[in-house]
Amino acid sequence: MGWHQGLLVSFDLETTGTDVEQDRIVTAALIRLDASGRETVRNTWLLDPGVPVPEEAAAIHGLTTAQVRAHGQAAAEGVEQITAALAAALEAGLPLVVMNARYDLSLLDRECRRYGLRTLAERLGRRPAPVIDPLVLDKHVDRYRKGKRTLQALCRHYGVPLDAAHEAGADAVAAAGVACRIGERYPEVAGTALAALHALQEKAAAEQAASFQQYLRRSGDPAAIVEAAWPLIPYQQSRGRAEEQPVRSAELPVQASPSRGEG
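In this text, all values refer to a predicted model and were calculated from it rather than measured experimentally.

1. Description of the layout of surface pockets
No. 1: The computed volume of the second largest pocket comes to approximately 320 Å³.
No. 2: Top contributing element to the lining of the second largest pocket by residue count: helix α8 (residues 168–185), with six residues.
No. 3: Considering only residue class, the lining of the second largest pocket consists of eight nonpolar, six polar and five charged.

2. Brief notes about the sheet that holds strand β2 (residues 25–33)
No. 1: Taken in spatial order, the six strands line up as β4-β3-β2-β1-β5-β6 in an open sheet, and their pairing is mixed. Sheet topology places β4 (73–74) and β6 (131–132) at the edges, where each strand pairs with a single neighbour.
No. 2: As judged from the two bridges shared by strand β5 (residues 96–98) and β6, these two strands associate in the parallel manner. Within the sheet, the bridge partner assigned to L96 lies in β6 and is V131.
No. 3: Sheet strands touched by α8: β1 (8–15), β2, β3 (39–48), β5 and β6. Its angle to β1, the strand with the most contacts, is close to 135°.

3. Looking at the side chain of H4
No. 1: Along the chain, H4 falls in the segment before β1.
No. 2: Discounting residues that sit within four places of it in the chain, H4 has contacts with C180, G183, E184 and A190.

4. As for empty space enclosed by the protein
No. 1: Applying the stated criterion across every chain yields a total of two cavities of 30 Å³ or more.
No. 2: For the largest cavity, the calculated volume is near 40 Å³.
No. 3: Looking at the largest cavity, the residues that line it are L105, L108, D109, L120, A121, P128 and L232.
No. 4: Of all elements in the fold, only α4 (101–114) and α5 (120–124) reach the threshold of two or more residues within the lining of the largest cavity.
No. 5: Counted by class, the lining of the largest cavity contains six nonpolar, no polar and one charged residues.

Reading the values: rules and limits
Residues numbered from 1 in each chain as written. Predicted model: local features only at pLDDT ≥ 70, side-chain atom pairs only at ≥ 80, totals over all residues. Heavy atoms only, no water. 1 Å grid on protein atoms, 1.4 Å probe; cavity = no way out; pocket = protein on both sides within 12 Å on 5 of 7 lines; lining within 4 Å. Points joined across faces, edges and corners; volume = space filled by probe spheres on them. Helix = DSSP H or I, 4+ residues; strand = E, 2+ residues; numbered from the N terminus. Nonpolar A, V, L, I, M, F, W, Y, C, P; charged D, E, K, R; others polar. Pairing = 2+ DSSP bridges. Contact = heavy atoms within 4.5 Å. Axes fitted to C-alpha atoms, helices over the stretch in contact; angles between N-to-C directions.

Next up, the structure:
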């Protein structure tokens, strides 16, 4: 039985922007799914990030500054709960599905540092693993396919329902669905043990970053630097912004370009 036929947890954030160093969590979801892909536990959080929610972010996830101030819990309290829940899942040996993990996990890491909380890595005593990233896996198994690789695009490609895009719980469930479809479609991936799958994605993510960096430099940005680390950007190395999609699902953080691209 492959990992795609076992227990999974899936994680998603909606945030104030695309800069892992500066932006804040607005909502989060951690969903547990059984071996048949059915949701068994749903944990969600709405946080008051302590800063205004930009209009462009609110237009995507639907949460305004007034709403989060009225109904959100204190950011430090929420970040502590989110990180503790992720640590518990990984300590239990459950694989963690995160679409574009280097964004979500890095931003969570910076939130912990912002509030003087233990990071996920500090709680685990190691880097977060095993992580399953549908974005990295899809690029690995189908490198030359044209078109976007956003969560919505991957759901269309793999036939996974996504009824409420940019709602953290819906996105988390959809990301798990995409990961499982990749496992079903590519037996060589499904048959890989979780530790080896995590290592495969580390290597694939670095190769994908190098390829994208080369593309940007050929396209007129000779100073472009694309972060290669996955699933967590080291704190000292990350100064970048996300390149492709605003708020949530940028494909790769690009240090040289502040552009947030199209929605």
